[in-house]
Amino acid sequence: MEKKIMLDENEMPDRWYNILPDLPEPLPPPLDPETNEPMKPEKLEAIFPKELIRQEMSEERYIPIPKEVRDIYLLWRPTPLIRATRLEEYLKTPAKIFYKYEGTSPPGSHKPNTAVAQAYYNAKEGIERLTTETGAGQWGSALAFATRLFDMECRVYMVRTSYHQKPYRRVLMELWNAEVIPSPSNLTESGRRILEKDPDSPGSLGIAISEAVEDAVKNDNTNYSLGSVLNHVLLHQTVIGLEAEKQLEIAGVEPDIMIGCVGGGSNFAGLVYPFIRKDGVEFIAVEPESCPTLTKGEYRYDFGDTAGLTPLLKMYTLGKDFVPPPIHAGGLRYHGDAPTLSLLVKHGIVKARAVAQLDTFRAGKIFAETEGIVPAPESTHAIKVAIDEALKAKEKGEEKVIVFNLSGHGHFDLKAYQDFMEGKLS
Ligand SMILES: *Cc1c(COP(=O)(O)O)cnc(C)c1O
C-alpha cells in the first residue's frame, strides 16, 4: 500500500455534501432572541449574503462548488490522505491508521475551505469588505487570505491579549492586506463602551464578535463572516471527507473508526459527515477536558456569542458566559458546538470524548517524532484518541482501520510546545 494516497486535480469533488436532509430528526431552527420565533432569513441579510443564508437552510443533499472556488482550492487541494505507518510501527499495533492532512493550505489549516467560499459569495453579491473576529488568529488569517484573492477588504478584530502575545499570525494577516485591530477598540460603540469602563480591558472573543457584527451592520458594503458552527460553514468543509472517501477506496479499505477534534465542529463535520450514513463506523468527536461542551454541556437554546447578539441556536453549551481556561488549543475554546453535530451526539450517532491537555501534547510529540509533522495543538486531540484506539486494537488483536483529521500544522504554536517540553504546562 502506498504511504500517501493522492488524488489528481480533476478528482477533486465538484459538490459539497449537505447533511440537513439526512439528520435523524429535523434540525431545531435558529430563534430570533427578540421574538423567540424562528429567525426570519431577511433579518440575516444585514450581515450575510443571500446565497449563504440559502445554503444555511437548504434541504438539497449536494450543493455545487463554484468554478471560481474550485480554482482557488487547487492551490492546495486535493490534500493527501497519509498512512501513518511509522506511528503504527512505534505503537506496534495491527490497526491501520490514516490521516487526512489539511495543514497544506497556505494559512496552515482546514479553515480556508470555507473562507474562500464565503469570500466568493459575498464578492458575487457586491460586498466589498468583510469583518470577523479572531482569537489565536487561525480564522482571521484564513479570511485574510481568502479576501485578498477576491480583491476585497478585510478587517479582523483580534482579542487584545492575543494581538500582543501572538504577533506572527497578525503579521500573516497583514501580509495578506487585512487590517488587524486589537479589540476592544474605539472604532465601535461596543468597543468604546468597554473601554470607558476598563481602558486596559484584555478583550475576549465575545467582545470581538460584537465589534465585527456592529461594523458589518453599520456599513452597507460590509458583511460579517463566521469560521465554524453554522450549517453553511460545515457544508463547505465536507470537501475533506468527500476526498477521503475516494482515497480510502483507492487504498482498498473501509473505515472502522473516524476521529476529529472539535472546537465549533467544522473540521470534524468536514471529514465525517460524508460517511455518516455508513453502518458500522464509530465516529468520535474529541474536545478538551477544560472545555467539555459535548461531554458535560446541556442541550438547549443558547447564544452563539458572549454578548448575546446572534440568533439562539439549539446546541450543547456550557453557557455563553463560560470562560474556558487559557489552554493552548485556542481553536477549541468555544462554549457551544454546531447544532447539527449536537443533534448527532444527542442521538448517539457521534460519540464525544474529552481529553487532558498534557496527554494531547504527549501525543503531538510522538506524532512529530514518528510522522514528522508538528501538529496544531487542536489537532493533537484527534491524535491522542487515534493512539488510544490503536492501542485498544492491539490489546484485542484487531486490524481496525482508523481515520483521523489532521486539521492543521503547529508552526505558529512552537511556544506551546516549548512550554510543554520545559514542564510548564498543566
Ligand atoms: C479552528 C481550528 C479548529 C477548531 O475548529 P472546528 O470548527 O471545530 O474545526 C481545529 N483545528 C485547527 C487547526 C483550527 O485552526
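Residues numbered from 1 in each chain as written. Predicted model: local features only at pLDDT ≥ 70, side-chain atom pairs only at ≥ 80, totals over all residues. Heavy atoms only, no water.

An unreviewed UniProt entry annotates the protein as Tryptophan synthase beta chain of Geoglobus ahangari.

(A) Inspection of the domain arrangement of the protein at higher detail. If you check the domain split of the protein, you get domain 1 (4-8 + 76-109 + 238-421) and domain 2 (16-65 + 111-231). Put simply, the middle of domain 1 and the middle of domain 2, counted by C-alpha atoms, are 23 Å apart. Listed per partner, the contact involves 43 residues of domain 1 and 41 residues of domain 2. Summing both sides of the interface, domain 1 and domain 2 together bury roughly 3500 Å²; the carbon and sulfur share of this comes to 68%. On the surface where domain 1 and domain 2 come into contact, there are 2 salt bridges. (Domains from an automatic or database assignment. Contact = heavy atoms within 4.5 Å. Buried area = accessible area lost by both parts, 1.4 Å probe. Salt bridge = Lys/Arg side-chain N within 4 Å of Asp/Glu carboxyl O.)

(B) Quick peek at the side chain of T317. Along the polypeptide, T317 turns up in strand β13 (residues 312-317). One polar contact links T317 to D302, side chain to side chain, over a distance of 2.7 Å. Ignoring sequence-local partners within four residues, the contact set of T317 consists of T293, G297, E298, R300, D302, H335 and G336. (Helix = DSSP H or I, 4+ residues; strand = E, 2+ residues; numbered from the N terminus. Polar contact = N/O pair within 3.5 Å; in protein donor to acceptor, adjacent residues only side chain to side chain.)

(C) Up close: the site of the ligand. Inspection of the region around the ligand gives 18 residues, with K111, S228, G263, S266 and N267 positioned closest. Interatomic distance of 3.0 Å between a backbone N/O atom of G264 and an oxygen atom of the ligand. Within the complex, 98% of the 380 Å² of free accessible area of the ligand lies under protein. When its residues are assigned to classes, the shell around the ligand shows 4 nonpolar, 12 polar and 2 charged. Each of domain 1 (4-8 + 76-109 + 238-421) and domain 2 (16-65 + 111-231) gives at least three residues to the shell around the ligand. (Near = heavy atom within 4 Å. Areas by Shrake-Rupley, 256 points an atom, 1.4 Å probe, with all protein chains shown as cover. Nonpolar A, V, L, I, M, F, W, Y, C, P; charged D, E, K, R; others polar.)

(D) A look at the packing of aromatic side chains. Overall, the coordinates contain 13 aromatic pairs when judged by the stated rule. Following the ring pairs from residue to residue traces out a cluster consisting of Y73, W76, F145 and W176. One Lys or Arg, R15, reaches over the ring of Y62 and ends 3.6 Å from the middle of that ring. (Phe/Tyr/Trp six-rings, centres within 6.5 Å; stacked < 30°, edge-to-face > 60°. Lys NZ or Arg CZ within 6 Å of the ring centre and 35° of its normal.)

(E) Molecular detail of the UniProt feature "modified residue: N6-(pyridoxal phosphate)lysine" (unreviewed entry) in the protein. Here the UniProt feature "modified residue: N6-(pyridoxal phosphate)lysine" (unreviewed entry) sits at K111. Checked against the element boundaries, K111 lands in the loop between β5 (96-101) and α5 (112-124). Not counting residues within four places of it along the chain, the set of residues in contact with K111 comprises Q138, W139, A142 and Q237. (UniProt positions renumbered as here; feature names shortened; annotations may be inferred.)

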